[in-house]
Amino acid sequence: MRKNLIRTLVLLMVLCLPLAGLAENAVNVYNWEDYISQETLDMFTAETGITVNMMNFTTNEDMLVKVRNSPSSFDVVFPSDYCIERMIAEDLIAPIDFANVPNMQYIDPNLLKPTYDPTGEYSVPYMWGTVGILYNKTMVDGPVTSWSVLFDTKYKNNVFMIDSIRDCLGVTLMYLGYSMNTRDPLELNAAKQLLIQQKKDGIVKAYQVDETKDKMVAGEAALALVWSGDAQYAIDLNPDLAYVVPDEGSNIWVDGMVIPKAAKNKENAEKFIDFMCRPDIAQLNCEEIWYSSPNTAAIQLMGEDYIGNLTMNPSQEIIDRCEFFMDIQDFIQIYNAMWLDIKSA
Amino acid sequence: MSQSLNLPGWVFWLLGLMLLGMVLLALVAVRRTNGIKRSYFSAPYTLWMVLFTVVPVLLIAYYSLTDANGAFTLDNFKNFWDSNYSVNQLYAQMGPEYAVLIQRGTVNIGILAYSLWMALLCTVICLALGYPAAYFMADREIKIGSTLVVLFIIPMWMNFLLRTVAWMTLLEDQGLINGLLKALGLHGAQLMYNDGAVLLGMVYNFLPFMVFPIYTSLTKMDSRLLEAAQDLGADHLRTFWRVTAPLSVPGVISGISMVFMPSVTTFFIPRILGGGNTMMFGDLIENRFLTEGNWNVGSALSLIMMILILISLSVLRKADPEGEGGGIV
């Protein structure tokens with residue numbers, strides 16, 4: 001009896017060996033948490049026979065450190081604009097062969113040669129969005145129009161901030177009338193003092209990233225600094241919530257798909273990127289994660305649901321008051337130091 | 001730019017040579033004694049320790065004493081004492097109008113002091129809760145003692161991150177406890193996102209490490225000593241103070257060190273239950289490595305942490321020189 005068991009186990013192990021060999025035909029994807037529809041990944045594997053190994057990160061900064069240290073572990077990465085700029089400067093990513101990405105034709109032509117990738121060789125836009133305030137209409141008086149609510153002691157212990165350096169400091173700089181890409185330590189210091197004051201006043205309930213959307217749905221806080229897709233996800237589940245991009249302006253961003261120079265499966269990576277640009281796939285992803293799509297054909301498929309939605313499809317007037325993050329290079333040291341001062345205040 | 005390529009090539013050669021040397025030594029030893037001695041069975045363990053404990057510690061020491069280009073420097077330790085040490089130099093270079101920004105940063109020292117304080121509180125609470133628990137579990141007259149032991153162990157089969165996240169559903173404003181309070185007509189209370197919640201998470205996670213060493217030392221105790229004390233006229237309280245308590249000291253010492261060490265280096269719990277409002281030393285080190293990608297300062301912080309733990313261990317060792325509490329100290 002026991003001998004049979006051992007034989008079966010050994011047989012199973014031997015049978016698994018070729019399976020492990022098959023798994024070699026894979027693509028290693030490094031993506032944000034909750035940022036893709038599992039259905040599209042299953043479809044990709046069913047159609048191409050390529051296994052998707054999905055790994056997740058929470059902030060651009062974490063992602064960048066990881067890609068620098070083990071560049072060959074990833075075939076496709078999903079960094080934001082300013083990080084793509086940084087990765088090009090550090091020679092971390094390779095140009096994409098667009099002959100293998102025919103679905104690129106569906107991408108909005110305005111996004112093909114962005115400032116962060118001026119030649120348009122290195123990245124394919126995946127989603128874009130804004131940073132704004134998600135608030136609970138039953139807990140906040142009147143419509144929100146300004147960042148000032150985030151610093152109002154009326155909302156003591158009622159505000160969630162994003163646990164991310166550039167986003168937190170960026171909107172505070174914007175509120176103070178400075179650029180989100182400032183390299184003036186004095187301006188940055190003013191933003192730091194304001195954020196420390198906000199924390200000392202007990203306004204901040206928590207600094208977090210992926211937890212915020214579900215907590216806002218549950219009514220854990222009145223206001224939260226969020227990315228637009230998280231806002232739309234939450235609004236869909238709780239009609240008391242609303243999203244606004246304040247009048248002072250905010251951050252607009254594009255997350256692209258890039259291929260690290262040291263990627264082991266470049267061909268699979270291009271197949272994956274192409275697949276993600278296919279209109280029906282882009283639609284599935286957009287409807288799952290609720291960010292804005294750069295895919296014009298997918299937008300046509302989604303119709304009025306998408307076009308009429310101000311969170312996903314902000315007006316030109318909103319877009320015009322937003323600013324892209326730029327790579328601030330070595331100045332990030334000062335951002336890092338100030339951020340630690342805030343977090344440990 | 002890549003941090004992992006910072007190591008000079010000779011480090012890898014040295015590692016290879018060390019491994020080769022160990023294999024050769026083993027072969028020579030086997031040959032000399034014409035066979036395999038029992039002590040050779042410890043070779044895999046020694047190899048494991050060297051590879052995964054000694055070498056990493058040496059690497060941390062190497063990173064902490066070098067800069068991003070691999071040149072020797074003490075700046076990482078200066079950055080520990082003054083967390084603005086590097087940026088102050090930048091301000092000074094940028095011009096006189098930025099001189100107002102130059103001041104000593106107390107981030108590292110402040111977080112270290114906070115972590116030590118929280119760890120101390122956690123240890124004291126664990127001892128206060130854990131000793132009576134262990135005492136009852138070890139009492140032969142209490143029938144459910146062994147059941148309690150099992151109940152203490154079962155949650156440890158689950159991952160600690162999961163257990164910590166589970167606390168969130170209990171403590172939230174709209175969570176189970178507040179829901180119950182409100183259903184009873186009482187005011188809800190803010191239970192999460194503060195130091196108390198962090199402390200609760202720590203005590204919850206580390207309590208078994210206090211209970212089990214004490215439990216072991218109490219069950220090991222010779223019960224005839226208690227009978228003798230009672231025969232000689234000592235009451236329960238006196239028996240406890242003169243016999244049980246002194247005999248359980250090794251367990252207590254072991255428990256203290258097993259709770260204090262992980263408490264000081266706690267991370268993740270402050271982020272989940274404290275809402276990231278406070279950082280502990282573990283979070284700080286994680287931030288230096290993973291968010292900033294500054295392995296050099298991160299290593300210096302880790303090294304300082306290790307030295308502090310070594311000092312506290314040697315102090316505790318004085319209290320239990322025989323290592324009777326399981327020899328952990």
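Placed above this text is the structure.
The structure displayed is predicted, hence computed values, not measured ones. (Residues numbered from 1 in each chain as written. Chains lettered and ligands numbered in written order. Predicted model: local features only at pLDDT ≥ 70, side-chain atom pairs only at ≥ 80, totals over all residues. Heavy atoms only, no water.)

Asks: Would you mind showing me how to read the overall build of chain A here?
Replies: A count of helical and extended segments in chain A gives 14 helices and 12 strands. Taking 2.2 N^0.38 as the reference for a compact globule, 345 residues should give roughly 20 Å; the C-alpha atoms of chain A span a radius of gyration of 22 Å, in line with that estimate. Referenced to the eigenvectors of the C-alpha coordinate spread, the extents of chain A come out at roughly 70 × 55 × 45 Å. Per-residue burial for chain A yields a buried fraction of 58% across its 345 residues. In chain A, the proportion of contacts linking residues at least 24 apart, taken out of those at least 6 apart, comes to 76%. Only carbon and sulfur atoms are counted for the fraction: they give 54% of the accessible area of chain A, which is about 13,900 Å². Separation of charge centres in chain A, based on 25 positive and 48 negative side chains, amounts to 9 Å. (Helix = DSSP H or I, 4+ residues; strand = E, 2+ residues; numbered from the N terminus. Rg over C-alpha atoms; globule rule 2.2 N^0.38 Å. Buried < 20%, exposed > 50% of the residue type's maximum accessible area, 1.4 Å probe, protein only. Contact = heavy atoms within 4.5 Å. Areas by Shrake-Rupley, 256 points an atom, 1.4 Å probe, with all protein chains shown as cover. Lys, Arg positive; Asp, Glu negative; His and termini not counted. Charge placed at Lys NZ, Arg CZ, Asp CG, Glu CD.)

Asks: What is the right way to look at the side chain of B:Ser64 in this model?
Replies: Residues and elements named next belong to chain B. Here Ser64 is to be found in helix α2 (residues 43-64). Within polar-contact distance, the side chain of Ser64 engages the backbone oxygen of Ala61 at 2.8 Å. The contact partners of Ser64, leaving out residues within four places of it in the chain, are Thr73, Asn76, Phe77, Asn296, Ser299, Ala300 and Leu303. (Polar contact = N/O pair within 3.5 Å; in protein donor to acceptor, adjacent residues only side chain to side chain.)

Asks: Sorry if this is basic, but what is going on with the interface of chain A and chain B here?
Replies: In many reports, interface size means the accessible area that the parts give up when they come together. Counting from both sides, the interface comprises 36 residues of chain A and, opposite them, 40 residues of chain B. Counting the surface lost from both chain A and chain B, the interface buries some 2,900 Å², and carbon and sulfur atoms represent 56% of this. At the boundary of chain A with chain B, the tally comes to 11 residue pairs in polar contact (both at pLDDT 80 or more). Counting residues per element, the ones that place at least two in the side of chain A that touches chain B are α3 (60-69), α6 (185-200), β7 (204-208) and α14 (332-343) of chain A. Broken down by element, the residue count for the side of chain A that touches chain B peaks at eight residues, all from α14(A). Counted by class, the side of chain A that touches chain B contains 14 nonpolar, eight polar and 14 charged residues. (Buried area = accessible area lost by both parts, 1.4 Å probe. Nonpolar A, V, L, I, M, F, W, Y, C, P; charged D, E, K, R; others polar.)

Asks: Hey, could you run me through the packing of α14(A) against helix α4 (residues 85-94) of chain B in this one?
Replies: When two helices pack together, you describe them by how their axes are tilted relative to each other and by the distance separating the axes. Contact pair α14(A) / α4(B): the axes reach a minimum separation of 10 Å and the direction vectors enclose 130°. Looking at the two axes, α14(A) sits oblique to α4(B). You can see that α14(A) and α4(B) cross each other, and the crossing is left-handed. In this structure, α14(A) uses A:Gln333, A:Ile334, A:Ala337 and A:Met338 to contact α4(B), whose residues at the interface are B:Ser86, B:Val87, B:Leu90 and B:Tyr91. (Axes fitted to C-alpha atoms, helices over the stretch in contact; angles between N-to-C directions. Parallel < 35°, antiparallel > 145°, perpendicular 65-115°, else oblique. Left-handed = near helix turned anticlockwise from the far one by under 90°.)

Asks: Any chance you could explain the pairing of strand β10 (residues 250-257) of chain A here in plain terms?
Replies: Regular strands have side chains that alternate between both faces of the sheet. Residues and elements named next belong to chain A. The buried count for β10 comes to eight of eight residues, which makes it a mostly enclosed element. Sheet topology places strand β5 (residues 124-136) next to β10; six bridges connect them, and they run antiparallel. When the bridges of β10 are listed, Gly129 appears paired with Trp253. Strand direction decides the pairing type here: β10 and strand β12 (residues 322-323), joined by two bridges, are parallel. Residue pairing across strands places Ser250 opposite Cys322, the latter belonging to β12. (Pairing = 2+ DSSP bridges.)

Asks: I tried to follow the pattern of salt bridges on my own but got confused; where do I start?
Replies: Oppositely charged side chains can form a pair if their charged atoms are brought close together. This structure, assessed with the given rule, holds 18 salt bridges over all chains. Of the charged contacts, one joins B:Lys78 and B:Asp75 as a salt bridge, the two residues approaching to 3.9 Å between their closest N and O atoms. With B:Lys78 and B:Asp75 both in helix α3 (residues 75-81) and three residues apart, the pair spans about one turn of that helix. Its salt-bridge partner being B:Glu286, residue B:Arg271 comes within 3.0 Å of it at the nearest N-O pair. Linking B:Arg271 in helix α12 (residues 269-272) with B:Glu286 in helix α13 (residues 281-291), this pair joins segments that are 15 residues apart in sequence. Judged by relative accessible area, which is 32%, B:Arg271 ranks as partly exposed. Through salt bridges with shared partners, a single ionic network connects A:Arg68, A:Arg86, A:Glu90 and A:Asp327. (Salt bridge = Lys/Arg side-chain N within 4 Å of Asp/Glu carboxyl O.)

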